Amino acid sequence: MATRGSAAAAKGRVEPAVGLALLEQMQLIRRFEEKAAEMYALGKIGGFLHLYIGQEAVAVGAMAALRSDDYAIAGYREHGHILAKGGDPRRVMAELFGRRDGVSKGKGGSMHMFDRSINFLGGHAIVGGYLPIATGVGVAIRYEDRDRVILCFFGDGSVPQGEFHESMNLAALWKLPVVFICENNRYAMGTAIQRALAQTDVSKYADAYGMPGEACDGMDVLAVRESVGRAVARARDSKAPTLIEARTYRFRGHSMRDPAAAVYRTKDEVEEEKQRDPIVSFRERLRQAGALDEAAWSALAERVEARVNDAVAFADASPEPPAEWLTADVYA
Amino acid sequence: MATRGSAAAAKGRVEPAVGLALLEQMQLIRRFEEKAAEMYALGKIGGFLHLYIGQEAVAVGAMAALRSDDYAIAGYREHGHILAKGGDPRRVMAELFGRRDGVSKGKGGSMHMFDRSINFLGGHAIVGGYLPIATGVGVAIRYEDRDRVILCFFGDGSVPQGEFHESMNLAALWKLPVVFICENNRYAMGTAIQRALAQTDVSKYADAYGMPGEACDGMDVLAVRESVGRAVARARDSKAPTLIEARTYRFRGHSMRDPAAAVYRTKDEVEEEKQRDPIVSFRERLRQAGALDEAAWSALAERVEARVNDAVAFADASPEPPAEWLTADVYA
Amino acid sequence: MAVITYREALNHALREEMERDDRVFLVGEEVGVYGGAYKVSQGLLEKFGERRVIDTPICESGFTGVGIGAAMVGLRPIVEMMTFNFALVALDQIVNHAAKILYMSGGQFPIPLVIRGPGGPAHQLAAQHSQSMESYFCHVPGLKVVRPTTPRDAKGLLKSSIRDDNPVIFIESETLYGVKGEVPEDADFLIPLGVAEVKREGRDVTAIAYSGMYYRALEAAEEVEKSDGISVEIVDPRTLRPMDTETILASVRKTHRVLVAESGAGFAGMGSEIASFITESAFDDLDAPVARIFGANAPMPYARNLERLKTPSKERIVDAIRKLCAV
Amino acid sequence: MAVITYREALNHALREEMERDDRVFLVGEEVGVYGGAYKVSQGLLEKFGERRVIDTPICESGFTGVGIGAAMVGLRPIVEMMTFNFALVALDQIVNHAAKILYMSGGQFPIPLVIRGPGGPAHQLAAQHSQSMESYFCHVPGLKVVRPTTPRDAKGLLKSSIRDDNPVIFIESETLYGVKGEVPEDADFLIPLGVAEVKREGRDVTAIAYSGMYYRALEAAEEVEKSDGISVEIVDPRTLRPMDTETILASVRKTHRVLVAESGAGFAGMGSEIASFITESAFDDLDAPVARIFGANAPMPYARNLERLKTPSKERIVDAIRKLCAV
Ligand SMILES: Cc1ncc(C[n+]2csc(CCOP(=O)(O)OP(=O)(O)O)c2C)c(N)n1
Ligand SMILES: Cc1ncc(C[n+]2csc(CCOP(=O)(O)OP(=O)(O)O)c2C)c(N)n1
Ligand SMILES: [Mg+2]
Ligand SMILES: [Mg+2]
């Protein structure tokens with residue numbers, strides 16, 4: 001994987017401005033999530049809270065390959081995805097706080113972020129359950145003969161689920177513009193991938209459907225952008241689906257209720273993986289390329305800090321949803 | 001496929017006595033089904049009636065590779081399977097008639113034949129639904145550390161269903177003694193396989209799970225017995241699953257409610273496939289091998305005729321299930 | 001008005017709504033080339049082509065999700081379940097997704113989706129092919145549930161369901177596809193969802209029945225009219241969720257005696273809801289407890305004689321009506 | 001008797017039954033290495049090993065079918081649903097297979113299977129993780145449905161469920177895992193399925209409540225006792241199917257007023273069944289119509305304030321009791 005990584009890195013040339021933008025997005029997600037963890041500890045956020053820390057390069061690299069009218073859909077670990085798609089951190093934080101200005105009016109919470117204004121289709125908490133929905137979006141794009149694309153993000157834990165197979169088959173059979181992106185962080189909760197799949201090279205499942213499959217270094221934002229870029233082009237130009245396996249790692253527990261995350265993996269493994277930190281490594285690469293000096297970095301970091309603090313302030317100030325909203329939106 | 005067929009045939013050596021037994025079983029199923037069609041026309045059989053005519057070599061060849069304590073499970077087109085596993089034609093016909101002496105006491109009907117005495121586990125009418133159940137039988141065999149095997153028969157229509165994928169993965173992951181036998185007759189009701197699967201070589205799906213996969217000529221009883229024999233040995237000795245694709249064809253409609261079966265396939269195609277009739281060709285092969293002369297054939301045919309007529313007489317004589325049985329067997 | 005079958009009425013509703021709105025399309029098993037397992041979609045492929053009449057492989061969860069996804073981005077899919085028994089394979093899509101996405105998204109994503117097909121007992125199809133599934137769906141906030149009884153209901157309600165912006169579970173009946181009746185040809189003929197119909201006026205007892213049970217209730221009503229001079233009013237809810245409480249209560253206040261007939265197994269089902277709702281809302285108007293009749297508490301057996309005993313018969317309804325009036 | 005948590009009581013039941021019968025095994029997501037998402041199976045892997053405590057990939061339909069298949073050939077599997085919301089993915093396995101195989105096979109293949117896990121509202125888990133699923137299962141002939149309320153119930157009923165030869169749907173509660181109570185240590189302590197318990201004696205009103213609703217009903221009962229001197233009897237059905245009609249009717253005949261409290265959305269649910277059953281069976285004993293209280297007619301919202309409003313509160317139960325007694 002290391003080799004893949006540097007291979008991709010070697011390929012990954014990027015204009016300084018773009019590189020800085022990608023870095024800033026990753027940093028925003030990182031700090032947003034760290035702040036969310038604090039807020040959870042303070043009891044301002046309830047329910048489950050699944051942090052995206054460690055996987056930032058996947059959402060940021062993938063969304064960088066999209067047009068704004070393209071669609072994205074993800075699971076319950078989607079804070080990073082909605083922010084990378086262009087979601088407003090203030091409304092995302094307000095959703096975590098369960099407030100009326102949240103993206104889903106406070107009714108969805110951490111696992112159910114939706115934002116129609118940026119074509120972000122959720123925020124779903126049934127593992128595998130939204131893959132057929134992404135496939136249906138692909139059907140609609142073809143039906144209306146548009147040149148849009150949908151990115152469908154899911155974890156390695158969705159692969160053993162039947163809907164993965166049904167969706168892959170339908171997308172390949174009907175030639176749909178769907179890019180399936182498996183964020184393989186090697187664990188589904190406490191289950192290591194080799195205890196869940198008879199064959200653990202996720203990208204190889206594409207072969208069974210005669211669909212292009214590709215693995216990339218999910219810790220390398222440029223490598224992800226490249227792979228997804230190829231897949232998006234295929235989808236846009238020839239309405240062909242792709243399965244991408246982004247090899248990544250979750251630095252924190254499965255959710256805030258799994259703080260140690262140490263029963264099923266070793267501290268050493270976690271420490272080793274942290275050496276692949278997508279932000280640290282990309283920041284270093286930009287520095288070496290002369291695109292980022294200390295001053296630029298601290299300016300970037302401060303901008304991010306300000307946005308995250310502003311998001312918290314906004315969420316705090318936002319009122320609770322009114323009681324009538326309990327029974328609103330049940331029927332259109 | 002033709003070449004595969006003769007290739008297999010070339011390999012397929014068989015002692016005369018065994019060959020005759022296989023031929024007689026296929027003939028029994030053929031005549032049983034033709035008689036069932038008559039009885040349906042007379043209104044003695046109700047509901048759906050899915051005939052096995054044309055596919056006899058699959059059930060007969062596969063069951064020939066089993067020990068009597070091995071298990072078999074199938075779908076709703078299972079008359080051939082239960083007969084090949086050793087089911088009593090009289091009780092099978094009685095089940096079709098909905099009578100108390102039927103294998104399932106008349107409560108299951110054509111689609112739900114069960115016979116515990118021969119380890120035949122049904123008779124299921126949800127496409128794909130019983131594949132996980134077969135997998136569970138494999139789990140039980142391993143759990144009790146037995147050297148039994150289960151054959152799971154299903155059609156090409158089960159392959160796009162998610163439970164196919166879930167079952168293949170679990171069987172390969174947990175190394176279970178399950179032999180998955182896909183009877184690929186190229187149609188799921190009116191849907192040709194190329195309209196249902198992005199990749200139509202069913203046996204190739206095994207690759208995704210690192211499971212052995214093998215296609216065989218489903219019109220050649222010896223070829224089927226060989227392939228399944230290899231798979232059964234693997235399952236018995238090393239608890240490894242296999243996916244076998246038996247390439248066959250359904251001579252009649254999907255069910256008696258699809259008599260023409262001509263909307264979705266041409267008469268020519270059907271006629272051409274009938275040239276591969278598993279009974280005619282095997283009978284011819286035995287004749288050429290000097291194992292079957294006219295006299296032997298007519299004796300065989302008469303024995304079969306007698307058993308089928310006896311089955312009908314038995315079914316006719318069997319009383320309807322008593323009213324109390326309506327609410328019996330709901331709970332154990 | 002033309003006299004056509006329930007099957008034709010559904011076919012016309014599909015045809016008219018697909019002509020009216022290009023966003024409407026049909027997806028399911030055998031809906032195209034085969035013309036529909038029960039021929040409801042006959043001729044639609046020829047008329048609208050493969051873009052709008054889509055045959056799918058067997059994967060109910062997959063193609064139901066396809067309908068939900070297409071609905072999220074502005075289309076108006078109609079998903080055919082070959083029979084509703086198979087909807088169990090897709091229940092997560094229907095309950096966890098179709099019914100909840102509007103709510104979870106704070107109102108951003110309506111799901112204008114119709115899931116339709118036959119449900120309930122048929123002809124000796126046994127346990128896995130004969131279930132009355134409506135109660136599963138009635139229990140779920142976010143779903144609407146329709147069970148048309150006559151060809152007229154079938155057409156008018158299907159058209160309204162297709163125009164509705166919510167997921168609608170539309171359960172037809174194998175045993176009714178051949179039933180004939182008068183149906184308006186007007187392309188704008190609609191029957192609003194949530195409106196029951198008094199299908200037979202009566203004074204002494206209210207029978208609440210839908211789909212196949214309606215026809216048995218009607219036979220029973222005619223029999224007790226002749227034999228005992230009992231006048232039975234029959235109310236067909238037509239839409240089970242939302243339920244037309246007004247029409248039901250009006251009839252109860254008129255007759256003071258109620259029978260609810262349901263083909264399913266009953267326990268914790270739609271009949272339980274109707275009975276308990278009536279009792280709560282019109283207790284003092286009741287001269288007798290609301291009587292429920294439902295199918296035997298068992299899966300559906302194959303044997304013809306047992307199958308007949310499983311579903312409430314005219315005779316059982318007649319007895320129940322007599323008992324009610326004897327109180 | 002030891003005072004232990006509901007979670008420990010379940011854990012002990014699993015441990016004792018697995019010790020007692022080698023055919024019993026546990027299969028599900030995270031039941032082994034992780035010790036159970038809610039730690040119910042903590043320590044079982046260490047004690048019984050990978051043969052009998054089996055971690056599965058995420059494929060509810062697949063591993064539920066595995067339980068059914070193993071049960072068909074003589075084992076006694078316990079399938080854990082991490083939460084019952086996910087059982088929707090496996091509903092076809094449960095309803096079309098587990099519940100019907102004994103019947104379809106004419107009695108040849110019993111399915112001694114327990115499917116267990118938490119269900120109902122939890123703590124801000126929102127729409128897809130907070131459903132009260134019991135009514136789906138109660139509606140299905142061939143299934144038994146259990147909803148334990150106290151640690152004692154949890155242990156005694158789970159042990160009986162594991163020893164039962166039928167598929168048993170055993171629905172625990174995330175909000176009760178930490179509840180403590182006295183539980184017999186005797187390895188042969190069992191609570192038979194189908195037997196309700198009068199958990200509080202009273203004269204004026206019968207409140208029927210199970211699982212989390214029981215605790216709210218209890219608070220309400222104590223409040224109205226103090227404030228209005230109303231004496232509330234609380235009946236906990238414990239097993240929903242089969243339902244203990246005797247115990248319920250006995251209480252109704254004593255108090256003549258009944259309240260049924262349900263956390264789910266109510267419409268066509270278990271509360272509807274209990275209410276309509278009581279009305280049918282004891283109409284003349286009722287001084288007032290059976291009152292039903294249930295959750296708001298909506299999916300579960302995330303926001304804490306809305307979540308609180310969704311599920312019936314002590315206050316709503318108190319009001320309902322007062323109304324009932326005012327009649
Ligand atoms: C159908 C279903 N089963 C089980 C769960 C409980 N669950 C939530 S997340 C999760 C693990 C998923 O892991 P993965 O797909 O790899 O995503 P990751 O958490 O690693 O991002 C499980 C089992 C669920 N939400 N849905
Ligand atoms: C889940 C489910 N969906 C749909 C059906 C309706 N149905 C019954 S048989 C069939 C076709 C199956 O074809 P295949 O698996 O190839 O078996 P074959 O009939 O060719 O033997 C369909 C769609 C069903 N029984 N179950
Ligand atoms: Mg993962
Ligand atoms: Mg086929």
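Scroll up for the structure.
Conventions adopted
Residues numbered from 1 in each chain as written. Chains lettered and ligands numbered in written order. Predicted model: local features only at pLDDT ≥ 70, side-chain atom pairs only at ≥ 80, totals over all residues. Heavy atoms only, no water. Helix = DSSP H or I, 4+ residues; strand = E, 2+ residues; numbered from the N terminus. Rg over C-alpha atoms; globule rule 2.2 N^0.38 Å. Buried < 20%, exposed > 50% of the residue type's maximum accessible area, 1.4 Å probe, protein only. Core = buried A, V, L, I, M, F, W, Y, C linked by side-chain atoms within 4.5 Å. Contact = heavy atoms within 4.5 Å. Pairing = 2+ DSSP bridges. Right-handed = clockwise from strand over helix to strand, strands pointing away. Least-squares fit on C-alpha atoms with pLDDT ≥ 70 in both. Axes fitted to C-alpha atoms, helices over the stretch in contact; angles between N-to-C directions. Buried area = accessible area lost by both parts, 1.4 Å probe. Salt bridge = Lys/Arg side-chain N within 4 Å of Asp/Glu carboxyl O. Nonpolar A, V, L, I, M, F, W, Y, C, P; charged D, E, K, R; others polar. Near = heavy atom within 4 Å. Polar contact = N/O pair within 3.5 Å; in protein donor to acceptor, adjacent residues only side chain to side chain. Areas by Shrake-Rupley, 256 points an atom, 1.4 Å probe, with all protein chains shown as cover. Donors = N, O, S within 2.8 Å, 3.2 Å for Na, K, Ca; no water.

Visitor: Any chance you could explain the overall build of chain C here in plain terms?
Guide: Within chain C one finds 12 helices and 14 strands. Computed over its C-alpha atoms, the radius of gyration of chain C comes to 19 Å, within 12% of the 20 Å expected for a compact globule of 327 residues. Referenced to the eigenvectors of the C-alpha coordinate spread, the extents of chain C come out at roughly 60 × 45 × 40 Å. Per-residue burial for chain C yields a buried fraction of 75% across its 327 residues.

Visitor: I would appreciate a short explanation of the nonpolar core in the present structure.
Guide: The tendency in soluble globular proteins is for nonpolar side chains to be buried side by side. One finds C:Phe137 and D:Phe137 to be the most contacted residues of the largest nonpolar core, which totals 196 residues. Excluding residues within four positions of it along the chain, D:Phe137 makes contact with D:Phe84, D:Ala87, D:Leu91, D:Ile94, D:Leu143, D:Val145, D:Ile169 and D:Ile171. Ranked by size, the runner-up nonpolar core spans 118 residues in total, among them B:Val149, B:Phe251, B:Leu300 and C:Val40.

Visitor: I'm lost on the environment of C:Pro184 in this one. Help?
Guide: All names here are of chain C. Tracing the backbone through its elements, the reader meets Pro 184 in the loop between strand E8 (180-183) and strand E9 (197-200). The class for Pro 184 is buried, based on a relative accessible area of 13%. Sequence spacing of Pro 184 and Ile 4 is 180 residues, and the spatial spacing of their C-alpha atoms is 9.9 Å. Residues contacting Pro 184, with those up to four places away along its chain left out, are Met 1, Arg 152, Lys 155 and Phe 189.

Visitor: Just to check I follow, could you spell out the pairing of strand E3 (residues 150-155) of chain A for this structure?
Guide: Regular strands have side chains that alternate between both faces of the sheet. All names here are of chain A. Across the 6 residues of E3, 5 count as buried, placing the element largely inside the fold. Across 3 bridges, the pairing between strand E1 (residues 71-74) and E3 is parallel. Across the sheet, residue Ile 73 finds its bridge partner in E3, namely Cys 152. Of the strand pairs in this sheet, E3 and strand E4 (residues 178-184) are connected by 6 bridges, and their pairing is parallel. Within the sheet, the bridge partner assigned to Ile 150 lies in E4 and is Val 178. What joins E3 to E4 is helix H7 (residues 162-173), and the crossover it makes is right-handed.

Visitor: Hey, could you run me through the relation of the copies chain D and chain C in this one?
Guide: These two copies of the chain differ by a rotation about an axis and a displacement along the same axis. Taken as rigid bodies, chain D and chain C are interconverted by a rotation of 180° and an axial shift of 0.0 Å, the fit giving an RMSD of 0.0 Å. Such values leave the two copies arranged in the relation of a two-fold axis.

Visitor: I would appreciate a short explanation of the sheet that holds strand E13 (residues 258-261) of chain D in the present structure.
Guide: Paired through their backbone hydrogen bonds, the strands of a sheet run either parallel or antiparallel. Residue and element names in this part refer to chain D. In space, the 5 strands of this open sheet follow the order E9-E11-E10-E13-E14, with mixed pairing throughout. Each having just a single partner strand, strand E9 (197-200) and strand E14 (291-293) make up the two edges of the open sheet. Neighbour-to-neighbour, the strand axes of this sheet turn through a mean angle of 25°, independent of strand direction. Of the strand pairs in this sheet, strand E10 (residues 205-208) and strand E11 (residues 232-236) are connected by 4 bridges, and their pairing is parallel. Paired with Val 205 across the two strands is Val 232, which belongs to E11. Along the sheet, helix H12 (residues 314-326) makes contact with E10, E11, E13 and E14, crossing E13 at roughly 160°.

Visitor: Would you explain the interface of chain D and chain B in this entry?
Guide: Bring the parts together and some accessible area is lost; that lost area is often taken as the interface size. Taken together, the contact between chain D and chain B spans 44 residues of the former and 38 residues of the latter. Contact with chain B buries surface across chain D, with D:Val73, D:Tyr103 and D:Met104 losing the most and accounting together for 21% of the total. For the interface between chain D and chain B, the tally reads 0 salt bridges. Along the lines of polarity and charge, the residues of the side of chain D that touches chain B split into 21 nonpolar, 14 polar and 9 charged.

Visitor: I tried to follow the site of ligand 1 on my own but got confused; where do I start?
Guide: Lining the immediate environment of ligand 1, one finds 21 residues, of which A:Tyr76, A:Arg77, A:Ala125, A:Asn185 and D:Glu60 sit closest. One finds residues of chains A and D in close proximity to ligand 1. A:His254 is positioned with one of its side-chain polar atoms (N or O) 3.4 Å from an oxygen atom of ligand 1. At 2.6 Å from a nitrogen atom of ligand 1 is found a side-chain nitrogen or oxygen belonging to D:Glu60. With the chains in place, 95% of the 590 Å² that ligand 1 exposes on its own is no longer accessible. Residues that form the shell around ligand 1 fall into these classes: 10 nonpolar, 7 polar and 4 charged.

Visitor: Hey, could you run me through the coordination of the magnesium ion (ligand 4) in this one?
Guide: Tetrahedral metal sites with four donors have an ideal angle of 109.5 degrees; octahedral sites with six donors have ideal angles of 90 or 180 degrees. Residues and elements named next belong to chain B. Protein ligation of the magnesium ion (ligand 4) involves Asp 156 (OD), Asn 185 (OD1) and Tyr 187 (O), the donor distances falling in the range 2.0 to 2.2 Å. Read in sequence order, the donor residues coordinating the magnesium ion (ligand 4) give the pattern D-x28-N-x1-Y. With a gap of 31 residues between them, Asp 156 in the loop between strand E3 (150-155) and helix H7 (162-173) and Tyr 187 in strand E5 (residues 187-188) connect regions that are remote in the sequence. According to the relative accessible area criterion, Asp 156 is buried, its value standing at 4%. In this structure Tyr 187 comes out as buried when scored by relative accessible area, which is 9%.

Visitor: Any chance you could explain the environment of D:Gly119 here in plain terms?
Guide: Residues and elements named next belong to chain D. Among the structural elements, Gly 119 can be located in the loop between strand E5 (114-118) and helix H6 (134-138). Overall, Gly 119 belongs to the buried group, its relative accessible area being 3%. It is 9.9 Å that separates the C-alpha atoms of Gly 119 and Ser 211, two residues lying 92 residues apart in sequence. For Gly 119, the residues in contact, after removing those within four places along its chain, are Phe 84, Gln 131, Arg 147, Ile 171, Glu 172 and Ser 173.

Limitation: the analysis is restricted to geometry and does not speak to function.
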